[in-house]
Amino acid sequence: MKFEVLTIFPEVIECYLKHGVVGRALNKGIAEVKVYNLRDFTTDRHRKVDDYPYGGGAGMVMQIEPFYNALRHIKSDGIPRKVILLSPQGRRFSQRIAKEFYKEEKTLTLICGRYEGIDERIKAFVDEEISIGDYVLSGGELAALVIIDSVVRLIPGALGDELSAEEDSFMKGFLDYPHYTRPEEFEGMRVPDILLSGDHKKIALWRKKEALRNTLKNRPDLLKNLSAEDMKILKELCSEINKKILEGVHEPVNN
Ligand SMILES: C[S@@+](CC[C@H](N)C(=O)[O-])C[C@H]1O[C@@H](n2cnc3c(N)ncnc32)[C@H](O)[C@@H]1O
């Protein structure tokens, strides 16, 4: 899978790409990221990319010409690609969209804005606007990296243990189960006995139940279309929690 990033801060992107899962995937050649410096596509001596907003008001607006020139250059290879404008106004990114991009696209071109954003006419040259959440960042670079990282994790061979992506939060419609490592006891907090039992069937059941518990507590909105087996575990969990609430020893769920 290939990613192209258009930014005025290439070094921000390049720095992140050297490390961890993404860095390994790039070294293995199972993913590729090409970073373009928007200023290389300006035509004036000062390599200017912004100007004052028409109509007045605070801040600067990124001009369309450098983006247009860069996209023309990038697209000149004729390869099909999805051009994404990173913007707080776009479709909200999620694990489902990460999977969609991984399955349906071979090349994603990610456009990073800065300042007050990019001249509205950029929208004529992009396929989709994507937001990584309901908050405003100073630039699209973090959003581009969020998309690259979450999609690269889905490429077979990107993770040390391929099963670990399957178990991640959201992959099966609920959150991940709790993880523990050494020491067995820390500040009086013990690792649950079941994880030390060596009984893999019981461990799997415990993990499923704890994943459902996490989801019920923090993201009950995700608990839809559960399998009959998961529904049975959820019902057991709810009656356990209800019992504890009645006994006054359990905090009610958040939502
Ligand atoms: C300061 S923001 C501009 C925000 C714009 N004035 C607005 O309110 O919609 C500058 C750039 O950061 C990026 N950005 C900010 N928040 C983002 C988000 N939640 N998701 C994706 N990109 C974001 C976009 O590329 C945007 O052009």
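The model shown is predicted, which means the values in this text are computed figures rather than measured ones.

(A) Here's a closer look at the domain arrangement of the protein. Structurally, the protein comprises domain 1 (2–152) and domain 2 (185–249). Computed from C-alpha coordinates alone, the two centres of domain 1 and domain 2 are separated by 40 Å.

(B) Focus on the environment of Phe3. Looking at where Phe3 falls in the secondary structure, it is placed in strand S1 (residues 2–7). Exposure remark for Phe3: the relative accessible area of 0% places this residue in the buried category. The spatial distance from the C-alpha of Phe3 to the C-alpha of Leu226 is 34 Å, given a sequence separation of 223 residues. Not counting the four nearest positions on each side in its chain, Phe3 is found in contact with Glu32, Val33, Lys34, Leu108, Leu110, Ile148, Val151 and Val152.

(C) Region of the structure containing the pairing of strand S5 (residues 82–92). Bridge count for S5 against strand S6 (residues 107–111) is four bridges, and the pairing is parallel. Counterpart to Leu85 in the pairing with S6 is Ile111. Pairing geometry for S5 and strand S7 (residues 128–131), over five bridges, is parallel. Pairing of Arg92 across the sheet is with Ser131, part of S7.

(D) The site of the ligand, seen in detail. Residues in contact with the ligand amount to 20 residues; listed here are only the nearest, Leu86, Gln89, Gly113, Tyr135 and Leu137. A distance of 3.0 Å is found between a nitrogen atom of the ligand and a backbone nitrogen or oxygen belonging to Glu116. In the complex, 84% of the free accessible area of the ligand, which totals 580 Å², lies under the protein chains. Contributions of two or more residues to the shell around the ligand are made by S5 and S7.

(E) Expanded view of the packing of aromatic side chains. Scanning all chains against the criterion turns up three aromatic pairs. Judged by centre distance (6.4 Å) and plane angle (55°), the ring pair of Tyr36 and Phe41 falls under tilted. A single burial state applies to Tyr36 and to Phe41, both of which are buried. Measuring from centroid to centroid gives 5.2 Å for Tyr68 and Phe125, while their planes differ by 65°, and the two rings are edge-to-face. In this pair, Tyr68 is assigned in helix H3 (residues 64–75) and Phe125 in the loop between S6 and S7, connecting sequence segments 57 residues apart. Assessed through its relative accessible area of 31%, Phe125 is described here as partly exposed. Taking NZ or CZ as reference, Lys34 lies 5.0 Å from the ring centre of Tyr36, over its face.

Criteria and cut-off values
- Note that residues are indexed from 1 along each chain, following the sequence as it is written.
- Restriction of local features to residues with pLDDT of at least 70 applies here, the model being predicted, together with a cutoff of 80 or more for giving and counting side-chain atom pairs; totals for whole chains, interfaces and linings are based on all residues.
- Only heavy atoms go into the side-chain values, all of them from the structure, while hydrogens and water stay out.
- Residue ranges labeled as domains rest on an automatic or database domain assignment.
- Numbering of helices and strands starts at the N terminus; helices are DSSP runs of H or I of at least 4 residues and strands are runs of E of at least 2.
- Only protein chains enter the area calculation, which uses a 1.4 Å probe; residues under 20% of their type maximum are buried, those over 50% are exposed, and those in between are partly exposed.
- Two residues qualify as a contact provided that any one of their heavy atoms is within 4.5 Å of a heavy atom in the partner residue.
- When DSSP finds two or more bridges between a pair of strands, those strands are recorded as paired.
- Near residues are defined by distance, with any heavy atom within 4 Å of the molecule or strand qualifying the residue.
- Polar contact is the term for a pair of N or O atoms within 3.5 Å; when the atoms are in protein, one must be able to donate a hydrogen and the other to accept it, and sequence-neighboring residues count only if both atoms are side-chain atoms.
- Per-residue accessibility takes into account occlusion by the displayed protein chains alone, with areas from the Shrake-Rupley method and a 1.4 Å probe.
- Here is the rule: rings of Phe, Tyr and Trp (six-membered ring for Trp) pair when centre to centre is within 6.5 Å. Planes less than 30 degrees apart are stacked, more than 60 are edge-to-face, and the remainder are tilted.
- Here, over-ring charges are defined by two tests on the NZ atom of lysine or the CZ atom of arginine: distance to the ring centre within 6 Å, and angle to the ring normal within 35 degrees.

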